Each structure stands twice: as structure tokens, then as C-alpha cells.
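# Structural description and commentary
Next come the chains, spelled out residue by residue.
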Amino acid sequence: MLPGMRFCMPSAAALFGSLCHGCRSRARSLSFRGCSWSPRQNSRWNSQDSIQSTAENPRILITGQRQDNMTLGQLGVGLAEILRKQYGTENVILSDIKKAPPEVYRSGPFVYADVLDYKNLRELVVNNRITWLVHYSALLSVVGEANVALARKINITGLHNVLDLALESCLRLFVPSTIGAFGPSSPRDPAPDLCVQRPHTIYGVSKVHAELMGEYLHHKYGLDFRCLRYPGIISANTQPGGGTTDYAVQIFHDALSTGHHECYLRADTRLPMMHIGDCHRATVEFMHAPECQLSLRTYNIAAMSFTPEEVSTEIRKHLPHLKVTYNPDSVRQTIADSWPVRFDDSNAQRDWGWKSTYGLEELVSDMLSSIHDKKTNAGLPDS
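These figures come from a predicted structure and were not determined experimentally.

## Observations concerning the side chain of asparagine 300
Relative to the assigned elements, asparagine 300 resides in strand S11 (residues 298–300). Given a relative accessible area of 0%, asparagine 300 falls into the buried group. At 2.9 Å, the side chain of asparagine 300 and the side chain of arginine 229 are in polar contact. Here the side chain of asparagine 300 touches aspartate 344 through a polar contact of 3.1 Å, landing on its backbone oxygen.

Quick look at the structure:
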């Protein structure tokens, strides 16, 4: 047993009822001991009338962002919206260390949660009867390189807190990985699920650490750990927030505002990308997949790969005036050059039926339409 690890067991019906026969057998081999909790913190939505039985629906906590990271806006809020439609608004709780925008707070349960504070997280899980935990809190690649000490704390110490908590409370735990988990010695075209990784950024190192720790705890203790390696995620809902692939978001805003984009990568830099709609759908489908169908704990998911020049060409079909200049940033370009140009996601397709729906043409059309509508609604002019 891990030093200092604390375990507790939910009701047998709640745990075993959600597992297939093979998964139940492994779960029965685990031993747990009781744990105590403090009632100090409760969600404002946490009332007897609003909480539904975990036998009917999962109770989901989504950890959000910390400083200079956009995951709450880009990933957490969108995923919460989908899950709330499936399981009920009160059963999906968003969290952050920052005050939420009014629209996020109005949309459903929102609580303060610091991933570096184990006791705080534990109280949230116990008081809200959480059964699934989605851990989106992390510093991204470029921001992490600028503050390695903070990235190490959030991306690794925070991870260990949620791993310990998931073991203690028998949670289904989802932790996203990334294209950044690969390095210059990895196969690049395509990158398979299992290969040499050895990334050269603290972000990538922390993600490989998460993949391996989750897999280890799954095999050692039966933790229901699940991880998807995301490509660059493209969303109209947030501004770029410190990732190497963020040019592929900024270029749409620039095309509609100034008509000019200065790209910090070379024109021929090819990277895997994905529309956020596919990203959310992959995450939900993967979380729903019976555990006995999974041959891996970490899967690649793929949609498309393109270069700055290719996405610019597609945008010009809608906005012929777009001008793109190239001024490669040495840090971002070095990171991009160490990453795969394509993902092999054949295992995800085989094991749980993954298939993307957005190609480059659909992505560009949707992004331009969505950003245009947002600017119009905000009373801002297009270029």
C-alpha cells in the first residue's frame, strides 16, 4: 500500500453495479479502511432535494484552472454543459480557485477547489458524494516553461492529490494527456499509443508522469483511471491561453478583427488538431465505456493534422483578404518540432468506437461562424 494512503469504500451496490463482471472481480480483490470527513464545505446546490442517487447518475467534480491556464473556459465549462444535459445540472460541479464569470455560476454548481489542498478536495468529494472526477487543472506548455516550479506543483503535486483521493473514494478518474507527452525521439508520423516519449517540456514530463502513475495505480490497486491524449484543441469560446497550438485559435480571431495574423510557427509546421466538439464527445464516450472494453488506460484520439499555411488557405475561402506573416518564436517552434505530426488512434477506434466528425473544412466554417456571432452579439465589428 502506498505510504500515507487513505482508503474508504462506498456502498458495494454503488461500486459494483457500475462494473462489468471482470472489473468487479478485480475490485473485490482490493481492501479498504474507513475515513473521516469534515462538513465544512458544501456546494450551494448541495441540498437533499437536488442530489440524486449515485445509483442512477454519477456525481461529477471537474477541477478547473489555475493562473494563466484556460482549461476551465475551454474544456471544463463545455464538458459540464454536456454532462449536465445527460445527468442533471446538480450532478456536475465545476471548480476553480478564481471567481467564476456570472454565466458560469448561473449555469450550475460551482465551488472553490485548490488542487494543491488535499483536505479541501476531500471535503468536496465526501460532502457532494462525488463518483467521477475530471481533472483539468494544469499549466500549459509555454506557460509551464516560463514557470517550471509552479508547473511542477500544479501538474504533479496536484495530480498526486487527485490520484490519492480517487483511490480513497473509489472514483472514476479522468486526467487528460496531450500531444506534449511525446518528444523528439518519439515516432512522429504517426505517433502510436505505446512508444518512446521523453518530452522536453515540464508540461510533457508531467503528463507522462500522469499516464504512468495512473496506469500503475490501476494495475496495483484497481483504480479506474482513464486518460486521453488530446491534440491541439480549437474552440471559439475562449482566447488562447499559453499553448503551442494556440495560433490555430488566434488566427480565426485575427482574421475577423484585423485581417492580419502573425504566426509564431513556421508555415510548414504540421500538428494534430481537433475541434472542441469532438474533444468533448471523445471524453464523454470514453468515460461511458465499460472498463472491461479498455485494453489501455491512455489512448490517442485524432481528428486532423494541418499546417499554419493550410489553415490559412482554408480561411481565405471565406475571407480572401486574410494576410498571414511568419515570425517563428524559438521556444514555441522548438516545442512544436518535438511533437508528432499525426496521431494513430486505431486502438481508440477499436476498443470503444471513437471516430471524429470535424475535418479542416468543417472546423474552419464553424469557427468563423461562431466567432462572428459572438462579435455581433457583443456589438463588435468584423474587419
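## Notes on unusual backbone geometry
For residues other than glycine, phi is negative in most cases, and the peptide bonds are mostly trans. The residue after aspartate 189, namely proline 190, is reached through a cis peptide bond having omega 0 degrees. Looking at where proline 190 falls in the secondary structure, it is placed in the loop between strand S6 (177–178) and helix H8 (202–221). Positive phi is not limited to glycine here, since arginine 129 has a value of about 50 degrees. Along the chain, arginine 129 falls in the loop between helix H5 (118–127) and strand S4 (132–135). A positive phi is found at cysteine 170, a non-glycine position, where the angle reads about 55 degrees. Residue placement: cysteine 170 occurs in the loop between helix H7 (148–169) and strand S5 (172–174).

## A closer look at the pairing of strand S1 (residues 60–63)
Neither face of S1 is exposed, since Ile60 and Ile62 on one face and Leu61 and Thr63 on the opposite face are all buried. Pairing analysis gives three bridges linking S1 to strand S2 (residues 92–96), with the strands arranged parallel. Bridge pairing in S2 links leucine 61 to isoleucine 93. When S1 meets S4, the two strands line up parallel, connected through four bridges. When the sheet's bridge partners are listed, threonine 63 is paired in S4 with histidine 135.

## Let's talk about the packing of aromatic side chains
Taken as a whole and judged by the stated rule, the model has 10 aromatic pairs. Each ring, one from tyrosine 87 and one from tryptophan 132, has its centre 5.9 Å from the other, and the planes form 80 degrees; the classification is edge-to-face. Residue tyrosine 87 is found in helix H3 (residues 71–87), and its partner tryptophan 132 is found in strand S4; the two are separated by 45 residues along the sequence. Residue class for tyrosine 87 comes out buried when judged on its relative accessible area of 13%. For tryptophan 132, a relative accessible area of 10% gives the class buried.

## Here we look at empty space enclosed by the protein
The tally for this structure, following the rule as stated, stands at four cavities of 30 Å³ or more. Of the voids in this model, the second largest cavity is the one considered here, and its volume is about 50 Å³. As for the second largest cavity, its lining consists of His135, Ser137, Ala138, Asn155, Leu159, Val175, Ser206, Lys207 and Ala210. Looking at the lining of the second largest cavity, the elements that each hand over two or more residues are H7 and H8. Here the element with the most residues in the lining of the second largest cavity is H8; it accounts for three residues. Its residues placed into classes, the lining of the second largest cavity shows four nonpolar, four polar and one charged.

## What to know about the pattern of salt bridges
Scanning the entire structure with this criterion turns up 18 salt bridges. Residue glutamate 168 is joined to arginine 122 by a salt bridge in which the shortest nitrogen-to-oxygen separation is 2.9 Å. Taken as a pair, glutamate 168 in helix H7 and arginine 122 in helix H5 lie far apart in primary sequence, 46 residues in all. For glutamate 168, a relative accessible area of 0% translates into the label buried. Arginine 122 gets classed as buried once you look at its relative accessible area, which sits at 17%. Arginine 266 serves as the salt-bridge partner of aspartate 337, at 3.2 Å between the closest nitrogen and oxygen. Remark: arginine 266 occurs in the loop between strand S9 (260–263) and strand S10 (271–275) and aspartate 337 occurs in helix H12 (residues 330–337); sequence separation between them is 71 residues.

Criteria and cut-off values
Residues numbered from 1 in each chain as written. Predicted model: local features only at pLDDT ≥ 70, side-chain atom pairs only at ≥ 80, totals over all residues. Heavy atoms only, no water. Helix = DSSP H or I, 4+ residues; strand = E, 2+ residues; numbered from the N terminus. Buried < 20%, exposed > 50% of the residue type's maximum accessible area, 1.4 Å probe, protein only. Polar contact = N/O pair within 3.5 Å; in protein donor to acceptor, adjacent residues only side chain to side chain. Pairing = 2+ DSSP bridges. Phe/Tyr/Trp six-rings, centres within 6.5 Å; stacked < 30°, edge-to-face > 60°. 1 Å grid on protein atoms, 1.4 Å probe; cavity = no way out; pocket = protein on both sides within 12 Å on 5 of 7 lines; lining within 4 Å. Points joined across faces, edges and corners; volume = space filled by probe spheres on them. Nonpolar A, V, L, I, M, F, W, Y, C, P; charged D, E, K, R; others polar. Salt bridge = Lys/Arg side-chain N within 4 Å of Asp/Glu carboxyl O.

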